[in-house]
Amino acid sequence: MLSIFPLRMAASLACFAGLLMLAASPAFAAKPASQTDQAVSPDSVEFLRAQCIDCHDGPDGEGGFDIHAVSPDLTNPASLKRWIVIHDRVEDGVMPPPEDIELDPETVRDFIEPLRDRVRAYQLKQQRDEGRVRGRRLSNEQLSRTLQDLLRVELPLDDLMPPEQRVGGYVHLASAQSMSHFQLNTHLKVVDKALDAAFAKALEPASEWAIDMPPEKIANKPKGRRNRDPEMRKGLAVIWSSGLIFYGRISSTRVPEDGWYEITLTASGLKPPKDHGVWCSVRSGECNSGAPLLSWIGSFEAEPEPKTMTYRAWLPKGHMLEVRPADRTLKLGRFQGGQVGFGEGEDQDLPGVAMHALAMKRIYPAGDRKSTRQRLLGTLPLRYNRSLGRSEVNVDKFNEKRDRNELRAAIIRFADLAFRRPIDASTIEPILQLAEEERQSGASFIDALRAGYRAVLCSPRFLYLTEFADESGRLDDWAIASRLSYFLTGSMPDQELRAAADEGLLRRPGELKRQTDRLLETRRGQRFLIDFSDQWLDLTDIDFTEPDRRLFRNFDPTVQAAMLEETHHFLQRLLDEDRPVRELVGADYTYLNTRLARYYGLTESEADLAGLDDQMSLVRVDPASPRGGLLSHGSILKVTAAGNDTSPVLRGIWVSERILGVEIPSPPENVPAVEPDIRGAKTIRELLAKHQADASCAACHKNIDPPGFALENFDAGGRWRERYMKKRGNAYKPGADVDPSFTMPDGTAFESFVAFRDLIAERDEQLAANVASHFTTYATGQTIQFADRDRIEEMVANTQDKQFGFRSLLDEAIHSDLFLSK
């Protein structure tokens, strides 16, 4: 490893100093706020007091709302938020309660319009003065990918960083980000890890590790030996169906170093059930009791005829593969003592998987050694140092002046890429001086260069998105390039996008569309909807709970993986074909494989299942079937459940905020939470009915309860049910019938989930506004403000002739002022 220890303290100090100077940076400095239009009008305050005094007079007012505590001062964030809620409640006819006071439309208009104009004017002025989006740093994932692409290395870095706060599902909102000493220290560790890997890859001999194993090498179970590896049976390496942990590990696949590996497996099924194959999982881990966690790689359906699968996965040093039947509907074998002996599964008549061949090799998805060396060293001459076992810069060809110039040139070139815009002398000069001082103090050329690179990667110009704008707030081309790239790929602009920014092309007609098309086809861009849906739809939380096996006997890792793929393929079709946004909830199709179709219990009468295999395929479903559309996806139903139970409140809030775009505020402090009463004393419907009857709760529950109850036919594992299950002792028994009926806020009644789904599918403008809002929030790192609503409406209107197409909404978001302005 490189001799870098003496350089750490100096570079650390440079990093900390740079971050502490962040507030003084012109890109982040705020202008003084204007003193005009900073309060609502006296007429608005008088309306509030005249119409609301009966219910909200004092601290004990309904819902904890005291009109005397409402300040007209819009510079107070809490006061501003409260006036926006008041505006929306009055406009929606919720406040004052219509059963108490019926206001004529003119009175409502005379209150709403001046208040809307005043709040909007205040926020627009604030956006012009300070920017709509404040200083925003790279998220964990963005930082990891940027280091990977910048240094041409492959190692995952996210696990080295502390978990991020999610606000509204998103981890990179500027308003929620912070920077503590702990985070700074973590950043240093991440940077060091990435630089160590990059210089090692560039200078040390490449690993050519590869194995190609026949069944005899895969198996590791001689007669008389008991372990958890495969055994030989009729010339093939076999693993039987069992619940035994780590059974199916392949000791001969233990990898010698961290890295990405390509895995090619040929397998077939043994003794499969009559109506399907043997679903198997491929995972990796140390496969011992001291390290019980396994990482998912993939799954396949093993059938009588052998087939070949190829996977790519990151494997830490010492990890091995585990290949095993993973379908929990299969008969499970019983083995004594936690180990399996040769032939012990044969007489139990178990399904199994037989492996015909297994090959693994080290790969470099981010580029080979040459590309990493080019990124770090350019054209600097190298020579191999046999005693060190690596290459080093051939400084014998340099004189002192050339040595200094080469060092400075390399750091400037690197900083230009890392900062994602041309560098200025005031920013780079302290970094250059640090590297020169290291060289003059006796450090090798490589160590001095590394010190300079480390300081670059600790600069706020790297860690933060530097978004310069003109006086009107228009972003420059480099800021647009970064915003577009981090939106669609989660990483820094690539060479072509950076070149377009350098040439000032990004505001030319058609250029943003062309770049969007291109980026979505890149390796990173193909993950756009996976990354976006992880946050928008909370799919990142799918591992948060593990269903009780006694209640969800058919749920297993292959099902969960298929659930995620169903959603990802579904969204990808919406984007690729610019499908109407109403299909988001009202589609008459979904994506299934044989395992997920069987788990859902779908029949040929409900869906066209012909030709289905272990790959995800587009499947048409009967319009009367509850399957089809996002709300019926197992992934969504699992992340919106409460462990083993369902909660109409949790699901109702989720559908309101993530699909319908209706923000649900936190309940008043004097209102107790409602949880399902599993003892059966009261039904959740009866408990929530009390909230509907309470004026303090009714305003929110009229939006929460309809979708919450509509989804009650889906259990916490995403399967359809007609009756609730009640726990009695250690067993679950059928309980009360599920009643999904309810009434929409506008008074429209529905009797079933399908009826509810069809109702909201007709609200395509509302669905489109919500999608446009979430695209914009994800792209800019700022939630939609009151003053942004007009521009969201404009995006929606511009896509009406395309039936509010999903891709059209994405393009509108990218071309909007909200995206192109600070």
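Scroll up to find the structure.
Residues numbered from 1 in each chain as written. Predicted model: local features only at pLDDT ≥ 70, side-chain atom pairs only at ≥ 80, totals over all residues. Heavy atoms only, no water.

Draft legend 1. Helix α25 (residues 764–780), seen in detail. In this model α25 runs 24 Å from its N-terminal to its C-terminal C-alpha over 17 residues, within 8% of the 24 Å that 1.5 Å per residue would give. Buried residues dominate α25, accounting for 13 of its 17 residues. Downstream of α25 by one or two residues, Gly781 has phi in the positive range, about 75°. (Helix = DSSP H or I, 4+ residues; strand = E, 2+ residues; numbered from the N terminus. Expected span 1.5 Å × (residues − 1). Buried < 20%, exposed > 50% of the residue type's maximum accessible area, 1.4 Å probe, protein only.)

Draft legend 2. Highlighting the environment of Arg408. Note that Arg408 resides in helix α9 (residues 400–418). In this structure Arg408 comes out as buried when scored by relative accessible area, which is 16%. Placed 41 residues apart in sequence, Arg408 and Leu449 show a C-alpha to C-alpha distance of 8.6 Å. With near-sequence residues (within four places) excluded, Arg408 lies in contact with Glu429, Leu432 and Glu436. (Contact = heavy atoms within 4.5 Å.)

Draft legend 3. Representation of the packing of helix α6 (residues 181–203) against helix α11 (residues 445–457). With their axes 10 Å apart at the nearest point, α6 and α11 run at an angle of 140° to one another. Classified by the interaxial angle, the pair formed by α6 and α11 is oblique. The element α6 and its partner α11 pack so that their crossing is right-handed. Across the interface between the two elements, His187, Leu188, Val191, Asp192, Leu195, Asp196, Phe199 and Leu203 of α6 pack against Ile446, Arg450, Tyr453, Arg454 and Leu457 of α11. Classifying every residue of the contact of α6 with α11 gives 8 nonpolar, 1 polar and 4 charged. (Axes fitted to C-alpha atoms, helices over the stretch in contact; angles between N-to-C directions. Parallel < 35°, antiparallel > 145°, perpendicular 65-115°, else oblique. Left-handed = near helix turned anticlockwise from the far one by under 90°. Nonpolar A, V, L, I, M, F, W, Y, C, P; charged D, E, K, R; others polar.)

Draft legend 4. Looking closely at unusual backbone geometry. Despite not being glycine, Cys287 shows a phi value in the positive range, around 55°. Secondary-structure assignment places Cys287 in the loop between β8 (278–285) and β9 (295–302). Given a relative accessible area of 1%, Cys287 falls into the buried group. Residues other than glycine seldom take positive phi values, yet Arg420 does so here, at roughly 65°. Turning to its location among the elements, Arg420 is positioned in the loop between α9 and α10 (425–440).

Draft legend 5. Region of interest: the sheet that holds strand β6 (residues 249–250). The strand order across the open sheet built from 4 strands is β6-β11-β8-β9, with neighbouring strands paired in antiparallel fashion. Here the strands that pair on one side only, and so sit at the sheet edges, are β6 and β9. Where β6 lies against strand β11 (residues 320–325), 2 bridges are found, and the strand directions are antiparallel. By the bridge assignment for β11, Ile250 is matched with Leu321. Of the strands in this sheet, β8 and β9 touch helix α17 (residues 557–576), which is tilted by about 100° from β9. (Pairing = 2+ DSSP bridges.)

Draft legend 6. Local environment of the environment of Gly135. Inspection of the secondary structure assignment puts Gly135 in the loop between α4 (105–130) and β1 (136–137). It is 7.6 Å that separates the C-alpha atoms of Gly135 and Thr466, two residues lying 331 residues apart in sequence.

Draft legend 7. The side chain of Asp715, seen in detail. Summarising the element assignment, Asp715 is placed in the loop between α23 (695–710) and β19 (723–728). Although Asp715 is buried, it forms no salt bridge, and the closest oppositely charged side chain is Arg719 at an N-O distance of 5.7 Å. With residues near it in sequence (within four places) discarded, Asp715 still touches Phe552, Leu637, Thr646, Arg651 and Arg721. (Lys, Arg positive; Asp, Glu negative; His and termini not counted. Salt bridge = Lys/Arg side-chain N within 4 Å of Asp/Glu carboxyl O.)

Without other data, these values stay purely geometric and don't point to any function.
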